[in-house]
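Okay, here's what each chain looks like letter by letter:
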Amino acid sequence: MSAPAAIPNLQIEPQRLWDSLMATAKIGATAKGGIKRLTLSDEDKRVRDWFRSQCEALGCTLGVDEVGNMFATRAGRLDLPPICIGSHLDTQPTGGKFDGVLGVLGGLELLRTLHASEYQTNAPIMLVNWTNEEGSRFSPAMLASGVFAGVFTPDYAFTREDRDGHSFGDELKRIGYRGDEKPGARQIGAMFELHIEQGPILEAEGKMIGIVTGVQGIRWFEVTVAGQDAHTGATPMRLRKNALLGAARMIDAVDEIALAHAPDAVGTVGLIENHPNSRNVVPGEVFFCVDFRHPEDPVLDAMEDEFRAALRGVLEPLKLTFEEKRIWNSPAVKFAPELIECVEAGARKCGYRSRKMVSGAGHDAAYIARVAPTTMIFVPCAGGRSHNELESTSFDECGAGAQVLLEAVLEYDKRFAG
Ligand code: HGY
Ligand code: MN
Ligand code: MN
């Protein structure tokens, strides 16, 4: 295979990409048209096996590290650090067909296009499936890209447990994807991540491509509120220690804190467990998780202080005690200007309308940006819906994102790997 002088006009095949998206959507398909493919579940194993076979069919070499990150490499003309294309194949419990998957399959389509055209890039191309991006089953999110970037240790990852007490390490072994590579030992020259926006901006503005300049800061907290189980009939209101009432007021307080830092702050309680959760027992214990996000870390500091003040102010008058722990702090991230320029050049070459934006959602790119120049490419999703079984990105939008990904990678290869 040889590399012609100038970059040929390579075109991805949008139908081949779409067919792969629909084929993988069957792995963990839900009745409402979404996907439930929780990290390290049997469905995750099936899609990993499918991914491995697709990459091997293209002659890629496959590697798996200790936390299950999968690396498929296509050799380049020169022995350089690879240009990486990565995202994730795990989903939320009520996930959609495109979150994460488009980034991995858009990269697979790029490899298929290079393979079919026999064009060889200067730098190797490495396609990555990062383990546990979602953080739904095992918190925090972006766990394995975080291990790769040195944010977490492998042992920290192995000991993370789901709400049923299964550990990440055991589940990784169970599905046969606990590799032997040291996470982070592998070099990355640059990383591009294609992803759906998961918000309403591109669609509202009629833009096809999001030129992502960074990712907002994210902080997760776990709270256990303790009161006293009591009889709902025989216990007077003044004698109650109702943990669920306290949690309910805290859910409202989290909402108020985010609204107080409008327009960019967001605050959510998405997971709550009420005990004993019986119709005629005043709940004595409630566990819930808080997700705060903002583009500026100092604002997140203020929100965190207000949150702790609210815990005391809300729960103590209700005679409740509580334990609170910040379990995740992912600072705001800025992407590499030279890669952003390659994406802009790619969008321009394809003639797509685009706009710069910061990602509201977290992504593996946020952590890989710590160890290599990194950036992202967004495409719209209908109504901005994501983490929702109705998530929908069109055939044309998927094709556009993959084509811009190809152009950006070839542009980077020409500018920086020649
Ligand atoms: O939480 C996030 O933003 C990502 O979807 N894991
Ligand atoms: Mn994602
Ligand atoms: Mn997600």
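Scroll up to find the structure.
Attention in this report is confined to the structure presented alongside it. Treat the numbers as computed from the prediction; the structure is a model and nothing was measured. (Residues numbered from 1 in each chain as written. Chains lettered and ligands numbered in written order. Predicted model: local features only at pLDDT ≥ 70, side-chain atom pairs only at ≥ 80, totals over all residues. Heavy atoms only, no water.)

What about the site of ligand 1?
- Glu133, Glu134, Ala141, Arg293, Ala361, Gly362 and His387 make up every residue found near ligand 1.
- A distance of 3.1 Å is found between a nitrogen atom of ligand 1 and a side-chain nitrogen or oxygen belonging to Glu133.
- A total of 210 Å² of accessible area belongs to ligand 1 in isolation, and the protein chains cover 96% of it.
- Across the shell around ligand 1, the residue classes break down as two nonpolar, two polar and three charged. (Near = heavy atom within 4 Å. Polar contact = N/O pair within 3.5 Å; in protein donor to acceptor, adjacent residues only side chain to side chain. Areas by Shrake-Rupley, 256 points an atom, 1.4 Å probe, with all protein chains shown as cover. Nonpolar A, V, L, I, M, F, W, Y, C, P; charged D, E, K, R; others polar.)

As for the coordination of the manganese ion (ligand 2)
- Protein coordination at the manganese ion (ligand 2) comes from His88 (NE2), Asp99 (OD) and His195 (NE2), with a distance range of 2.1 to 2.3 Å.
- Spacing between the donor residues of the manganese ion (ligand 2) along their common chain follows H-x10-D-x95-H.
- A spacing of 3.5 Å is found between the manganese ion (ligand 2) and the manganese ion (ligand 3), which share Asp99 as a donor. Here the residue Asp99 occupies a position in the loop between β3 (83-87) and α3 (101-117), and His195 occupies one in strand β5 (residues 190-196), the gap between them amounting to 96 residues. For the residue pair Asp99 and His195, the accessibility class agrees, reading buried in each case. (Donors = N, O, S within 2.8 Å, 3.2 Å for Na, K, Ca; no water. Helix = DSSP H or I, 4+ residues; strand = E, 2+ residues; numbered from the N terminus. Buried < 20%, exposed > 50% of the residue type's maximum accessible area, 1.4 Å probe, protein only.)

Observations regarding empty space enclosed by the protein
- Throughout the structure, instances matching the rule amount to one cavity of 30 Å³ or more.
- Taken as a whole, the largest cavity spans an internal volume of roughly 30 Å³.
- In terms of lining, the largest cavity is formed by Thr91, Gln92, Gly95, Gly96, Asp99, Glu134, His387 and Glu391.
- A class-by-class count of the residues in the lining of the largest cavity yields no nonpolar, five polar and three charged. (1 Å grid on protein atoms, 1.4 Å probe; cavity = no way out; pocket = protein on both sides within 12 Å on 5 of 7 lines; lining within 4 Å. Points joined across faces, edges and corners; volume = space filled by probe spheres on them.)

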